[in-house]
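Understanding the architecture of this molecule
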Amino acid sequence: MTLPKGNPSSGARLYRTRCALCHTVDPGGGYKSGPNLHGLFGKRAGTLTGPTATQALADKNVVWSEETLDEFLENPKVYIPGTRMVFAGFKKPQLRADIIAFLKEAT
């Protein structure tokens, strides 16, 4: 499926209300209950260490891109069984496109 065009401003609002409780995006930002997302694109899942790292992420052997992040954000527990991420996902493609656009711009 092709992602709709994302709106980084809408994605920033989504990030603040749905992601910022658990993740940071600032360069050098630390862990919260989830990892810092700065530099996410092009990295292999499960390569970060920290209190929330799971073997399931490493076993998935996925490199984060717009496409893989879209699939993950739709339903994290289905895309990576065993993930500790409690977020149920963004069911609407436009919401996923918006948060991905924000993450690309912010990271």
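In the block above lies the structure referred to throughout.
I will try to describe carefully the structure that is included in this document. This one's a predicted model, so the numbers in the text were calculated from it and none came from an experiment.

What counts and what doesn't
Residues numbered from 1 in each chain as written. Predicted model: local features only at pLDDT ≥ 70, side-chain atom pairs only at ≥ 80, totals over all residues. Heavy atoms only, no water. Helix = DSSP H or I, 4+ residues; strand = E, 2+ residues; numbered from the N terminus. Buried < 20%, exposed > 50% of the residue type's maximum accessible area, 1.4 Å probe, protein only. 1 Å grid on protein atoms, 1.4 Å probe; cavity = no way out; pocket = protein on both sides within 12 Å on 5 of 7 lines; lining within 4 Å. Points joined across faces, edges and corners; volume = space filled by probe spheres on them. Axes fitted to C-alpha atoms, helices over the stretch in contact; angles between N-to-C directions. Parallel < 35°, antiparallel > 145°, perpendicular 65-115°, else oblique. Left-handed = near helix turned anticlockwise from the far one by under 90°. Contact = heavy atoms within 4.5 Å. Nonpolar A, V, L, I, M, F, W, Y, C, P; charged D, E, K, R; others polar. Phe/Tyr/Trp six-rings, centres within 6.5 Å; stacked < 30°, edge-to-face > 60°. Lys NZ or Arg CZ within 6 Å of the ring centre and 35° of its normal.

To continue, consider the side chain of D70. Here D70 lies in helix 3 (residues 66-74). In this structure D70 comes out as buried when scored by relative accessible area, which is 6%.

Take the layout of surface pockets next. Taken as a whole, the largest pocket holds about 720 Å³ of empty space. Secondary-structure elements contributing two or more residues to the lining of the largest pocket are helix 1 (8-19), helix 3 and helix 5 (93-106).

Now for the packing of helix 3 against helix 5. Two elements in contact, helix 3 and helix 5, have axes whose closest approach is 10 Å; the angle formed by their N-to-C orientations is 130°. On the basis of their axis angle, the class for helix 3 and helix 5 is oblique. Handedness of the crossing formed by helix 3 with helix 5: right-handed. The segment helix 3 lies against helix 5, with E66, L69, D70, L73 and E74 engaging R96, I99, I100, L103 and K104. Residues belonging to the contact of helix 3 with helix 5 are distributed by class as follows: 5 nonpolar, no polar and 5 charged.

Tallied over the full model, the rule gives 4 aromatic pairs. Both rings, one in F72 and one in Y79, keep their centres 6.3 Å apart while their planes meet at 70°; by these two values the pair is edge-to-face. Residues F72 and Y79 agree in their burial class; the two are buried. Taken together through their ring pairs, the aromatic side chains of W64, F72 and Y79 make up a single cluster. Note that K60 overlies the ring of Y79, its terminal NZ or CZ placed 4.2 Å from the centroid.

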